[in-house]
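# Examining the three-dimensional arrangement
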Amino acid sequence: MRIMRLAAAAAALLAAVGAAEAKDWSKVRIGTEGAYPPFNSLTADGQLVGFDIDIAKALCEEMKVECEFVTQDWDGMIPALQAGKFDAVIASMSITEERKQKVDFTNKYYNTGPAIAVPKDSKLAGVTDADLKGALLGAQSSTTHSNYAEEKFPSADLKLYPTPDEYKLDVASGRIDAVIDDVVVLSDWLKTDDGACCKLLGALKADPVINGEGAGIAIRKEDGDLKEMFNKAIAGIIANGKYKEVNDKHFEFDVYGD
């Protein structure tokens, strides 16, 4: 009888400690880059816009929490999450095994593949390694697209950039021969005045090992309750039609993918 009482007391103590340590998620800080249109970017007056931003707002509304956005350079995104600068990353971050070693991820909230763009007068004719032999290929550093280029195009010369804006300027001015990025990012850029220089050379077949399972929300490993909140919210906005509303605002096709 005394053993049972002790066990019950221990369980109650553990529950009390857990409750005391439980985080208050009435406010969630969301890290994003603000330099990856059409998914996330900053307007001239400093407002965050894009698919990632609208999805984040829809998820926060579904979870009934207040959300605060924090901009962060891409290369420092995971270290800043781990350091507690923000609580979640909604910035088109692909779910990969390498990143899973450092952080946890929710279920995907979209999944699109890579592509290559070149100047309109380019003599490049295809998107195989042989086609790109000797070409100077630009990519954003620390991304699945730069990893893809290293793995799939060893015959090309890879040049890495902190943000897509830099590689766009270089390909437009002829300083590099081609760029690799998400097909949606490149297609959206090509519709703008700045992208009038260039054309889509071709879409690439995604490699699940490199490109991952799609874009997910990165969460610290110890914040499993927040991950579950986001997963329920993702399912919720898909079920109630809010996801489609946001999707259709930004794209003419379904970016959720298979």
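Please read these numbers as outputs of a predicted model, since none were measured by experiment.

### Points about the pattern of salt bridges
All chains considered together, the criterion is met by 15 salt bridges. Put simply, E222 and R220 hold a salt bridge, and the shortest N to O gap is 3.9 Å. Given a relative accessible area of 57%, E222 falls into the exposed group. Through salt bridges with shared partners, a single network forms among K23, R29, D87, R220, E222 and D223.

### Here we look at the side chain of D223
Along the polypeptide, D223 turns up in the loop between strand 13 (215-219) and helix 9 (224-239). Every residue in contact with D223, bar those within four places of it in the chain, is listed here: K23 and W25.

### Describing the nonpolar core
Among the nonpolar cores identified, the biggest contains 42 residues, and F51, L59, Y109, I217 and F230 are the most heavily contacted of them. Of the residues forming this core, the biggest block, seven residues, is contributed by helix 2 (residues 51-63). When near neighbours in sequence (up to four residues on either side) are disregarded, F230 contacts V28, L59, M63, A88, I90, T106, I217 and I219. Formed by 16 residues, the second largest nonpolar core is a distinct cluster that contains A139, Y148, A178 and L204.

### Observations concerning the environment of L81
Positionally, L81 belongs in helix 3 (residues 77-82). The class of L81 is buried, set by a relative accessible area of 0%. Along the sequence, L81 and R29 sit 52 residues apart, while their C-alpha atoms lie 9.9 Å from each other. Residue contacts for L81: discarding those within four places in its chain leaves F86, D87, A88, V89, V103, A218, I219 and R220.

### As for the sheet that holds strand 3 (residues 40-42)
As summarised here, the arrangement of the three strands in space is 2-3-4, forming an open sheet in which the pairing is antiparallel. Each edge of the open sheet is held by one strand with a lone partner, namely strand 2 (35-36) and strand 4 (48-49).

### Quick word on the packing of helix 2 against helix 9
Each pair of packed helices gets described by two things: the angle between the helix axes and the distance between those axes. Contact pair helix 2 / helix 9: the axes reach a minimum separation of 9 Å and the direction vectors enclose 105 degrees. Viewed along their axes, helix 2 and helix 9 adopt a mutual orientation that is roughly perpendicular. Two secondary-structure elements touch here, helix 2 through I55, A58, L59, E62 and M63 and helix 9 through M229, F230, A233, I234, G236 and I237. Counted by class, the contact of helix 2 with helix 9 contains nine nonpolar, one polar and one charged residues.

### Things to note about the packing of aromatic side chains
Summed over all chains, the structure comprises twelve aromatic pairs. Their ring planes at 5 degrees and their centres at 4.5 Å tell us that F39 and Y110 sit as a pair that is stacked. Here F39, found in the loop between strand 2 and strand 3, pairs with Y110, found in the loop between strand 7 (104-105) and strand 8 (114-119); they are 71 residues apart in sequence, far enough to count as distant. Given the relative accessible area of 0%, F39 is considered buried. With a centroid separation of 5.7 Å and 45 degrees between ring planes, the pair formed by F39 and F251 is classed as tilted. With F39 in the loop between strand 2 and strand 3 and F251 in the segment after helix 10 (242-250), this residue pair connects regions lying 212 residues apart in the sequence. Of the two residues, F39 and F251, both sit in the buried class. Cation over ring: K108 sits above Y256, and NZ or CZ is 4.2 Å from the ring centre. K152 extends its terminal NZ or CZ atom over the ring of Y148, reaching a point 5.9 Å from the ring centre.

### Considering the sheet that holds strand 6 (residues 88-94)
Spatially, five strands are ordered 5-1-6-13-7 in an open sheet, and the strand pairing comes out mixed. Only two strands of the sheet have a single partner each, and these edge strands are strand 5 (66-71) and strand 7. Running over the sheet, helix 2 touches strand 1 (27-32), strand 5, strand 6 and strand 13 and is turned about 135 degrees from strand 6.

Rules used in this analysis
Residues numbered from 1 in each chain as written. Predicted model: local features only at pLDDT ≥ 70, side-chain atom pairs only at ≥ 80, totals over all residues. Heavy atoms only, no water. Salt bridge = Lys/Arg side-chain N within 4 Å of Asp/Glu carboxyl O. Buried < 20%, exposed > 50% of the residue type's maximum accessible area, 1.4 Å probe, protein only. Helix = DSSP H or I, 4+ residues; strand = E, 2+ residues; numbered from the N terminus. Contact = heavy atoms within 4.5 Å. Core = buried A, V, L, I, M, F, W, Y, C linked by side-chain atoms within 4.5 Å. Pairing = 2+ DSSP bridges. Axes fitted to C-alpha atoms, helices over the stretch in contact; angles between N-to-C directions. Parallel < 35°, antiparallel > 145°, perpendicular 65-115°, else oblique. Nonpolar A, V, L, I, M, F, W, Y, C, P; charged D, E, K, R; others polar. Phe/Tyr/Trp six-rings, centres within 6.5 Å; stacked < 30°, edge-to-face > 60°. Lys NZ or Arg CZ within 6 Å of the ring centre and 35° of its normal.

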